[in-house]
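Architecture and fold: a report
Here is how the chains run, residue by residue.
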Amino acid sequence: MEKILVLDFGGQYNQLIARRVRDNHVFAEILPYTTPLEQIKNANYKGIIFTGGPNSVFDPASPHYTKEILDIGVPILGICYGCQLTAWMAGGEVKTAPSSEYGKITFKHMGESVLFQDVPELSDVWMSHTDYIATPPTGYEIIGKTLDCPVAAMQNKEKKIYAVQFHPEVTHSAFGAQMLANFLYHICGCKGEWVMDSFIETKVAELRETIGDKQVILGLSGGVDSSVAAGLLSRAVGKQLTCVFVDTGLMRKNEGDEVEKTFTTLFDMNFVRVNCGEHFMQALKGVSDPEAKRHIIGTEFFKVFWDEIRAHATKGYFAQGTIYPDCIESGKGDADVIKTHHNRVKTPEDVEFLGILEPLCDLFKDEVRAVGEKLGIPKELVWRQPFPGPGLGVRIIGEITAEKVKILQDADYVLRDEMAKNGYEKELAQFFCVLPGVSTVGVMGDHRTYDHLIAIRAVTTDDFMTADWAKIPYDILAQVSNRITNECAHINRVVYDITTKPPATVEWE
Ligand code: XMP
């Protein structure tokens, strides 16, 4: 399979670069700058992209790479810090400018370069740098500049090494996508063979080969990743797969039943549902501290899940829905070269498996969704929004009771229905109801009521690190509020959370 290496020097857009390469149907993988050259040489990459990064090449502590990489005969594209690094390694002159060049800048390409095929002479690009190349290395020619940047792009045609000071991967660079496509197709000679149909075919064959006649156990959470992993494994080995689904009773209305229906009717596998709502309710009785609740839910889940797995374990494989962003080693600083793989399930010491299978570990989320759709998993599941591990437990403030869970589920169901009807499902990153456990006075008919308040939380965000509250039109909010107070028992007031993150978080606990 043809593939591109994204060599990570700690820039913030590194995953985006890999995504953009894959948009061109070319597989891209991200490795940290600490990857040995020998490993890179042996991997037969069609091309290498040096990413940006927050450092300066002058700083000896900043990420560098052996300059021999420029001579291994693989085409290279340096971006931002990667551009300066290319010049620095090849003996060019890099300087620090008195002020930074930041934002959308007009770029002019000049001379002849395949990199700028079908790109107008003048176009907007996204810049974010202080250091710049003052003189390109010997053998390199300037192929683009901006008002403040004398070498905004350079090339060594013979060695197929290209470098751009700007970020072609971000959409603010108007022709960035074209430049990346030029690099992949006309410089690296890629054909564009990375498509989801062939991924499914290859992965299914690979899984069959590995698993042989052994058994596989997968923990199904009802989330996108584990569901798609289940679909893929089912296609590969059918009844040799056992999926264990722990229903904590803290899922959204009907969700447990829907997961069960999907996997028992659409897929060939053994499906085990462990209903332990009452067990969780007992364990959480009288507990109102958010951290204590999270801890209890996490520990009880681990216990229940592994007890069930033990009951089914027959020296086979354990599968997980780990996806690519969970596995990427970041190049950011030596202290955190390896990110914690927080989405990987810990296995207790007394349970032994032949091995761990992670069939989605090469895919980004949207690719996982594309595979899910091709496998015939229902749209609601494939496009399901993120749902916290502790479930509704972190959306009921204070002590959790079965009654509160029901009130919240009913209100949340109405919100989801209205969002779907009004086409907001894909537009918002997340939307849900919260039960703050506060009662307020209301009036219904001629009667005074003293009942629950429901809060609606809806956010837009790219990465969940920051988020904005969604500007849902008033008439839709009014409809949601009317329906919740009319259709759901014990709610007499609805409020809308208009806080950004930070200072708030998305969830209330
Ligand atoms: P916060 O509340 O931290 O949420 O702004 C950011 C995103 O993370 C989700 N979230 C969790 N996901 N286990 C999870 O798997 C958790 O304990 C958890 N807490 C928050 C939240 O739903 C949002 O998408």
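As the structure is a prediction and not an experimental result, all values here were calculated from the model.

This next bit is on the overall build of the protein. The helix and strand inventory of the protein stands at 14 helices and 19 strands. Considering only C-alpha atoms, the protein reaches an extent of 85 × 60 × 40 Å along its principal axes. Taken over 509 residues, the protein has a buried fraction of 54%. Within the protein, counting contacts between residues at least 6 apart in sequence, those at least 24 apart form 74% of the total. Carbon and sulfur atoms make up 51% of the accessible area of the protein, which amounts to about 23100 Å² in all. Taking the 51 positively charged and 69 negatively charged side chains of the protein as two groups, their mean positions are separated by 2 Å.

Bringing the domain arrangement of the protein into the picture now. Once the domains are mapped, the protein shows domain 1 (3-187), domain 2 (196-382) and domain 3 (396-496). Put simply, the middle of domain 2 and the middle of domain 3, counted by C-alpha atoms, are 29 Å apart. Contacts between the two partners involve 13 residues from domain 2 and, on the opposite side, 13 residues from domain 3. Summing the contributions of domain 2 and of domain 3, the shared interface buries around 1100 Å²; its carbon and sulfur component is 55%.

The subject of this paragraph is helix α7 (residues 255-265). Among the residues of α7, E255, G256, V259, T262 and F263 are the ones counted as buried. The buried residues of α7 occupy one face: seen down the axis, they fall within an arc of 135 degrees. Those residues of α7 that are exposed and angled more than 90 degrees off the buried face are K261 and T265. For α7, the elements touching its buried residues are β10 (216-220), α6 (224-237), β11 (241-247), β12 (270-275) and α12 (379-382).

Okay, the sheet that holds β12 next. With parallel pairing, the five strands of this open sheet are ordered in space as β12-β11-β10-β13-β14. At either margin of the open sheet sits one strand with a lone partner, and together these are β12 and β14 (355-357). Shown here is a sheet whose adjacent strand axes are inclined to one another by a mean of 25 degrees, direction ignored. Strand direction decides the pairing type here: β10 and strand β13 (residues 317-319), joined by three bridges, are parallel. The residue bridging V216 from the neighbouring strand is Y317, located in β13.

The rules we used
Residues numbered from 1 in each chain as written. Predicted model: local features only at pLDDT ≥ 70, side-chain atom pairs only at ≥ 80, totals over all residues. Heavy atoms only, no water. Helix = DSSP H or I, 4+ residues; strand = E, 2+ residues; numbered from the N terminus. Buried < 20%, exposed > 50% of the residue type's maximum accessible area, 1.4 Å probe, protein only. Contact = heavy atoms within 4.5 Å. Areas by Shrake-Rupley, 256 points an atom, 1.4 Å probe, with all protein chains shown as cover. Lys, Arg positive; Asp, Glu negative; His and termini not counted. Charge placed at Lys NZ, Arg CZ, Asp CG, Glu CD. Domains from an automatic or database assignment. Buried area = accessible area lost by both parts, 1.4 Å probe. Arc of directions from axis to C-beta. Pairing = 2+ DSSP bridges. Axes fitted to C-alpha atoms, helices over the stretch in contact; angles between N-to-C directions.

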